[in-house]
Each structure stands twice: as C-alpha cells, then as structure tokens.
Amino acid sequence: MTAINIILIFVVAFLAGCEGVLDQFQFHQPIVACTLIGLVTGHLKEGIMLGGALQMLALGWSNVGAAIAPDAALASVASAIIMALALNGGSTNAAEARSTAITLAIPLSVAGLFLTMLARTIAIPMVHAMDNAAETANFKKIERIHWSGVAMQGLRIAIPALILCFIPAKAVTDALNAMPEWLKGGMQVGGGMVAAVGYAMVLNMMSTKETWPFFALGFVIAAIPDITLIGIGVIGIAFALIYMKLKGIAQSGTGASGNSGDPLGDIINDY
C-alpha cells in the first residue's frame with residue numbers, strides 16, 4: 001500500500017472507532033466502514049459486497065444493559081483491510097478473499113470487544129477527573145478530557161488497522177492460496193450463512209405471533225424469481241400500511257370481536 005492509502009485507512013479507522021460510541025454518522029457500521037476502506041484501497045465493489053454481508057450479521061448486535069455487543073468497527077475495518085491486501089497480491093480471486101474476510105470478522109469482533117472493554121475501563125478515571133474539574137468550574141479541562149476519551153476510542157481501531165497495513169500483500173495472498181480446498185469451501189459456506197445468522201438474531205428479538213404471518217408471506221414472495229428487491233420493499237410497505245389501518249379500526253371498536261387493539265392477534269385468538 002502507498003502512504004496515501006495508509007493515511008486514508010487510518011482516518012477511516014479512527015472515525016469508525018469514534019463512531020462506535022458516538023453513533024452520529026454511523027462510520028462504524030460494516031456497510032459504511034467496509035465501503036470506505038474499499039474506496040481508499042481501490043476495491044470499492046468488493047468493499048461494498050463485504051460490508052453488505054457483514055451488515056446482515058451486525059443487525060443482531062446490540063448493547064443490552066451491561067452486556068457489550070461484539071465490536072462491529074474493528075471487524076469491519078480489519079476484515080476489509082485483509083481482503084484488500086489479499087486482492088493487492090494479485091493471485092487470489094475476489095470471492096475467496098471476501099469469504100475469508102467474512103470468516104475472520106467474527107474473531108476480530110471478539111478482539112474488538114476486548115479493546116472496547118479496556119478503553120471503557122480506562123475512561124473511568126477520566127470521568128472522575130472531569131468531576132473534579134467540574135467542582136472548580138474548569139470547563140477547558142473537562143473539554144480536553146472529553147476529546148481525549150473520544151480520541152482513545154478512535155485509536156483502539158486506528159492502531160490495529162495501521163499495523164495491518166504493513167503486512168505484505170503477497171504474504172496474505174500466499175496464505176490464502178496455501179489453504180486446502182476443504183478449508184476454502186468451509187469459509188465460503190460460513191460466509192454464506194452470515195446473513196441467515198443476522199436475520200435469525202433479529203427475529204429472535206422481534207418475533208411475536210402477530211408478525212410471523214408477515215414473515216411467512218415475505219419468505220414465500222422473496223422466493224419468486226421475477227420479483228426484484230424494490231418490488232419486495234413495496235410489498236412490505238403495503239403490508240405495514242394494511243396492518244396499521246387494521247389496528248386503527250380495531251382500536252376504534254369497529255374491528256375484530258376481541259377488540260384488543262391488535263387485529264391479527266384477535267383473528268388468531270378467534271381460531
């Protein structure tokens with residue numbers, strides 16, 4: 001990689017790390033981070049495809065109470081860099097590089113989780129220092145500590161990304177080419193399951209007896225080869241509008257006999 005590539009990767013990785021706690025511009029999301037890494041490394045198409053695949057997995061990642069979700073920022077940035085290095089080597093195809101990057105994203109997300117916990121532990125005394133500064137109305141010090149904390153979050157992604165940039169591209173490509181066919185095939189299968197795992201995690205949180213009929217309808221409709229993604233989106237919006245209309249009728253007292261406020265629930269209960 002050239003010096004310009006490395007500088008741009010460092011900037012993207014730093015922003016992704018900061019957004020892991022800020023959530024303002026979503027640079028830490030796989031579809032954004034991988035796309036930007038692909039753009040600055042000259043592999044935009046592959047970056048978008050990798051980001052789309054990882055985004056399906058990250059749909060089910062969320063912080064619940066004290067439980068911290070796997071780090072999507074490090075998984076996205078590091079896997080995109082590894083894919084770019086493999087492609088820069090010139091002796092591996094894009095599908096193998098992408099499937100390997102997807103497979104590596106899971107352990108990378110766990111490593112990022114450790115770095116996140118370390119950064120948040122270091123931030124505890126920083127918060128106490130801000131409290132002490134607030135007692136003396138030292139707002140400049142509070143601001144400096146605040147920016148230091150944000151920068152620490154950015155560096156937890158930027159430093160590992162910078163280290164990866166200095167790995168020779170040929171070494172990564174040779175390592176991929178040295179993998180046996182059974183291992184390459186397993187990585188491709190695992191990469192293909194990423195989207196299913198992401199959807200399953202989301203469904204596990206959202207599924208109710210009222211939403212299962214919509215899932216079944218969408219699953220069947222998506223299997224029709226002549227319908228595009230835009231068409232499926234339009235059908236989904238139509239289903240949502242129909243549901244909202246039925247729910248409004250039920251709440252007004254003119255809907256199903258149960259009148260619970262959920263027309264589908266009343267219909268299912270009637271059966």
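The coordinates are above.
Description of the structure in this document.

What follows is about the overall build of the chain. Across its full length, the chain holds 11 helices and 0 strands. Ordered by position in the sequence, the α and β elements of the chain form the string α-α-α-α-α-α-α-α-α-α-α. Each of the 271 residues in the chain was classed as buried or not, and the buried ones make up 36%. Taking all contacts inside the chain whose residues are at least 6 apart in sequence as the whole, residues at least 24 apart take part in 69%. With the model as given, the accessible surface of the chain reaches about 15100 Å², and the carbon-plus-sulfur share is 72%.

Quick look at the side chain of T35 now. Within the fold, T35 resides in helix 2 (residues 30–41). Residue T35 is classed as buried on the basis of its relative accessible area, which comes to 18%. Among the polar contacts listed, one links the side chain of T35 to the backbone oxygen of I31, at a separation of 2.4 Å. When residues no more than four places from it in sequence are discounted, the contact partners of T35 are P30, L44, G47 and I48.

Between the first and last C-alpha of helix 3 (residues 44–58) there are 20 Å, a value that for 15 residues agrees with the 21 Å anticipated at 1.5 Å per step. Taken residue by residue, helix 3 has E46, G47, L50, G51, L54, Q55, M56, L57 and A58 as its buried positions.

Attention shifts here to the environment of L108. The residue L108 is located in helix 5 (residues 94–135) in this model. For the pair L108 and P70, spaced 38 residues apart in the sequence, the C-alpha separation amounts to 8.8 Å. If near-sequence neighbours (up to four positions away) are discounted, L108 is found in contact with L74, A75, A78, S79 and I82.

Packed helices, taken two at a time, are described by the angle their axes make and the gap between the axes. Where helix 1 (residues 3–22) meets helix 6 (residues 139–165), the axes come as close as 7 Å, and the angle between the chain directions of the two elements is 145°. Along this stretch, helix 1 crosses helix 6, giving a crossing that reads as right-handed. On helix 6, the residues that touch I6, I9, F10, A13, F14, G17, C18, G20, V21 and L22 of helix 1 are V150, A151, Q153, G154, L155, R156, I157, A158, A161, L162 and C165. Within the contact of helix 1 with helix 6, the residues separate by chemical class into 16 nonpolar, 4 polar and 1 charged.

Each value, and the rule that gives it
Residues numbered from 1 in each chain as written. Predicted model: local features only at pLDDT ≥ 70, side-chain atom pairs only at ≥ 80, totals over all residues. Heavy atoms only, no water. Helix = DSSP H or I, 4+ residues; strand = E, 2+ residues; numbered from the N terminus. Buried < 20%, exposed > 50% of the residue type's maximum accessible area, 1.4 Å probe, protein only. Contact = heavy atoms within 4.5 Å. Areas by Shrake-Rupley, 256 points an atom, 1.4 Å probe, with all protein chains shown as cover. Polar contact = N/O pair within 3.5 Å; in protein donor to acceptor, adjacent residues only side chain to side chain. Expected span 1.5 Å × (residues − 1). Axes fitted to C-alpha atoms, helices over the stretch in contact; angles between N-to-C directions. Left-handed = near helix turned anticlockwise from the far one by under 90°. Nonpolar A, V, L, I, M, F, W, Y, C, P; charged D, E, K, R; others polar.

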